[in-house]
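Here is how the chains run, residue by residue.
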Amino acid sequence: MGNLSVSDVGVEQFNKDHQRLLFYVQEFTRLCSRFRLRTPFPDEWDQVDAIFSRLEKYTSSHFKEEELALAKIDYPTLAKHLEQHQLLVNMLAELKIKVKNREFQAIGAVKMFLMEWITNHINHVDTQYKPFMTSKPS
Ligand SMILES: [Fe+2]
Ligand SMILES: [Fe+2]
């Protein structure tokens, strides 16, 4: 696996979070890519369940940390940022149902969107807080 390149957001911990988040999405994507070609084997479902639950938990803990940090500095577009996070949380909730129901074709169709969404969020939404975070160290 190569490096997952996304923009620096000015907070070391969040840069690390983003790397890990992208790693989970990449693993999920890689695993689900096979399901376009054939039905998953039972042990593959165990892997999908495991990586998906990690992705879901890690996303919500990262979002919480980020939202707290932004609230602390009275980030001017916090409400918009929260909305963006909520969109992904909703997407993951829908995906969770598909995983639970073993709808492998639907999962295969969604996976690319996830990677794109998260990369885009980091590069274009999270990077907007960079000047605020770096100019106000705690
Ligand atoms: Fe983030
Ligand atoms: Fe964010």
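Residues numbered from 1 in each chain as written. Chains lettered and ligands numbered in written order. Predicted model: local features only at pLDDT ≥ 70, side-chain atom pairs only at ≥ 80, totals over all residues.

> What is the right way to read the environment of Gln-19 from this model?
Tracing the sequence through the fold places Gln-19 in helix H1 (residues 12-33). C-alpha of Gln-19 to C-alpha of Val-110: the two residues are 91 residues apart in sequence and 21 Å apart in space. (Helix = DSSP H or I, 4+ residues; strand = E, 2+ residues; numbered from the N terminus.)

> Whenever I open this one, the packing of helix H2 (residues 42-72) against helix H3 (residues 78-100) confuses me. Can you help?
Packed helix pairs are specified by the crossing angle of their axes together with the interaxial distance, meaning the distance between the axes. Running from amino to carboxyl end, H2 crosses H3 at an angle of 170°, the nearest separation of the two axes being 11 Å. Here H2 lies roughly antiparallel to H3, going by the angle between them. As H2 runs across H3, the sense of the crossing is left-handed. Between H2 and H3, the residues in contact are Val-48, Asp-49, Phe-52, Glu-56, Thr-59, Ser-60, Phe-63, Glu-67, Leu-70 and Ala-71 and Leu-78, His-81, Leu-82, His-85, Leu-88, Val-89, Leu-92, Lys-96 and Val-99, respectively. (Axes fitted to C-alpha atoms, helices over the stretch in contact; angles between N-to-C directions. Parallel < 35°, antiparallel > 145°, perpendicular 65-115°, else oblique. Left-handed = near helix turned anticlockwise from the far one by under 90°. Contact = placed C-beta atoms within 7 Å.)

> Please clarify how H2 should be interpreted in this entry.
One turn of an α-helix holds 3.6 residues; hence residues three or four places apart share an orientation. Helix length check: H2, at 31 residues, gives a terminal C-alpha distance of 46 Å against a target of 45 Å (1.5 Å per residue), a fit within 8%. Among all positions of H2, only Val-48, Ile-51, Phe-52, Leu-55, Thr-59 and Glu-66 are buried. Where H2 is buried, its residues meet H1 and H3. One or two steps after H2, the chain reaches Asp-74, where phi turns positive at roughly 50°. (Expected span 1.5 Å × (residues − 1). Buried ≥ 20, exposed ≤ 12 C-beta atoms within 10 Å, placed from the backbone.)

> Help me understand the environment of Lys-100 in this model?
Relative to the elements of secondary structure, Lys-100 occurs in helix H3. Taking the C-alpha atoms as reference points, Lys-100 and Ser-33, 67 residues apart in sequence, are found 18 Å from one another.

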